Amino acid sequence: MPEHHHSPVSTSAPALSSPRALRLGIAGPVGTGKSSLIALICRALGEELRLGVITNDIYTDEDARFLRSAGVLEPERIRAVETGACPHTAIRDDVTANLLAAEDIERDFSPLDAVLIESGGDNLTATFSPALVDAQIFVLDVAGGGDVARKGGPGIGRADLLVVNKTDLAPHVGVDVAQMVADAEQAREGRAVLALSREDADSVQALRRWVLQVLAAHRSGEHVPQDPGPMAPHFHADEEHPEGGYVHSHD
Ligand SMILES: Nc1nc2c(ncn2[C@@H]2O[C@H](COP(=O)(O)OP(=O)(O)OP(=O)(O)O)[C@@H](O)[C@H]2O)c(=O)[nH]1
Ligand SMILES: [Mg+2]
């Protein structure tokens, strides 16, 4: 009688069995277009990938509402974490609320291919902890000024992808996109930079390809989550300091 023993690493487990969903963080200063970029990804990939979204806002669930009303995913697949404090805290120092939200959504919609986690808009140095996300996108926009890319910082320098967003606005704000991208590439020592506008279909396709590429690398085990590094010391406006706060860091 032929023997059909299952080896301890069972071959009967589906060969397709992938690791858990890719957790992809989207960070960047206030208003640079993080929610809009998530909407673009959902629109471009929502048919072929099983997606979930988690938003982080300080006091509201406004980003989640925006994304639900954009109709890019079933509303139940978009969840809000209210961070209650400076947004970077919840993506860097104590990621518990976000980890629980990610695990919940992955369980409720199992299997998911990717969970997109939007950070609350924060300062230039806020990045995700690798304990929360496998990969992260840092979003700048041209309206923030062409020299921002040169200023560097952990997100700009070392996020898996730097997006220079709203390139359609460049002529109106006097920014040279090619120069801004070149500066960013130099600051990033060759890591990926993408000039994006929701008005530019080619750029949206490039974003789509990048997400698929990271997902494939995540599944194959080739992708290694990077820690862009901690944020810079900073102060909060409501804290005691002669100039309106005291300088501190969250490490
Ligand atoms: N012109 C232009 N405007 C854009 C683009 N993407 C987003 N916006 C606009 O930029 C503004 C901010 O976009 P959001 O996606 O809400 O930005 P955000 O980074 O999620 O904002 P916070 O979560 O509040 O930090 C909105 O008015 C968007 O309509 C773009 O490609 N071109
Ligand atoms: Mg947003």
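- You'll find the protein chain entered in an unreviewed UniProt entry as Urease accessory protein UreG, with Nesterenkonia aethiopica given as the organism.
- Quoted verbatim from the Subunit (unreviewed entry) heading of the UniProt record, the comment on the protein chain is "Homodimer. UreD, UreF and UreG form a complex that acts as a GTP-hydrolysis-dependent molecular chaperone, activating the urease apoprotein by helping to assemble the nickel containing metallocenter of UreC. The UreE protein probably delivers the nickel."

1. What to know about the environment of A192
Reasoning step 1: Take A192: it is sitting in strand 7 (residues 192-195).
Reasoning step 2: On the basis of relative accessibility, which here comes to 30%, the residue A192 falls in the partly exposed class.
Reasoning step 3: Along the sequence, A192 and A159 sit 33 residues apart, while their C-alpha atoms lie 8.7 Å from each other.

2. So, the site of ligand 1
Reasoning step 1: Surrounding ligand 1, one finds 16 residues, the nearest of these being K34, S35, S36, D168 and R198.
Reasoning step 2: A per-class count over the shell around ligand 1 returns two nonpolar, eight polar and six charged.

3. Structural notes on the coordination of the magnesium ion (ligand 2)
Reasoning step 1: Those protein atoms acting as donors to the magnesium ion (ligand 2) are S35 (OG), D63 (OD) and E118 (OE), and they sit at 2.1 to 2.3 Å.
Reasoning step 2: Of note, the magnesium ion (ligand 2) draws all its donor residues from one chain, in the sequence arrangement S-x27-D-x54-E. Residue S35 is found in helix 1 (residues 34-45), and its partner E118 is found in strand 4 (residues 114-118); the two are separated by 83 residues along the sequence.
Reasoning step 3: Owing to a relative accessible area of 2%, E118 belongs among the buried residues under this scheme.

4. Quick look at the packing of helix 1 against helix 9 (residues 201-220)
Reasoning step 1: Where helix 1 meets helix 9, the axes come as close as 10 Å, and the angle between the chain directions of the two elements is 80°. Considering the angle they form, helix 1 stands roughly perpendicular to helix 9. Here helix 1 contributes L37, L40, I41, A44 and L45 to the contact with helix 9, which in turn contributes V204, L207, R208, V211 and L212.

5. Some words on the confidence of the model for the protein chain
Reasoning step 1: Overall, the predicted model of the protein chain reaches an average pLDDT of 88, with 84% of residues at or above 70.
Reasoning step 2: Taken as a whole, residues 1-15 scores under 50 in pLDDT and shows one contact with residues more than four places along the chain or in a different chain.

6. Section: unusual backbone geometry
Only a minority of non-glycine residues have a phi that is not negative, and only a minority of peptide bonds are not trans.
Reasoning step 1: With an omega of -5°, the peptide bond between S110 and P111 qualifies as cis.
Reasoning step 2: With respect to the secondary-structure elements, P111 resides in the loop between helix 4 (96-108) and strand 4.

7. Quick notes on the UniProt feature "binding site: GTP" (unreviewed entry) in the protein chain
Reasoning step 1: Within this numbering scheme, the UniProt entry marks G28, P29, V30, G31, T32, G33, K34 and S35 as carrying the feature "binding site: GTP" (unreviewed entry). Lining of the largest pocket among the annotated residues: V30, G31, G33, K34 and S35.
Reasoning step 2: Within the element layout of this structure, G31 appears in the loop between strand 1 (22-27) and helix 1.
Reasoning step 3: Among the residues examined, G31 registers a relative accessible area of 47% and is labelled partly exposed.
Reasoning step 4: If we ignore the near neighbours within four places in the chain, the residues touching G31 are D141 and K166.
Reasoning step 5: For S35, a relative accessible area of 10% puts it in the buried group.
Reasoning step 6: Apart from residues lying up to four places away in sequence, S35 is in contact with D63, F66, L67 and E118.

Conventions used here
- Residues numbered from 1 in each chain as written.
- Chains lettered and ligands numbered in written order.
- Predicted model: local features only at pLDDT ≥ 70, side-chain atom pairs only at ≥ 80, totals over all residues.
- Heavy atoms only, no water.
- UniProt positions renumbered as here; feature names shortened; annotations may be inferred.
- Helix = DSSP H or I, 4+ residues; strand = E, 2+ residues; numbered from the N terminus.
- Buried < 20%, exposed > 50% of the residue type's maximum accessible area, 1.4 Å probe, protein only.
- Near = heavy atom within 4 Å.
- Nonpolar A, V, L, I, M, F, W, Y, C, P; charged D, E, K, R; others polar.
- Donors = N, O, S within 2.8 Å, 3.2 Å for Na, K, Ca; no water.
- Axes fitted to C-alpha atoms, helices over the stretch in contact; angles between N-to-C directions.
- Parallel < 35°, antiparallel > 145°, perpendicular 65-115°, else oblique.
- Contact = heavy atoms within 4.5 Å.
- pLDDT = per-residue confidence, 0-100.
- 1 Å grid on protein atoms, 1.4 Å probe; cavity = no way out; pocket = protein on both sides within 12 Å on 5 of 7 lines; lining within 4 Å.

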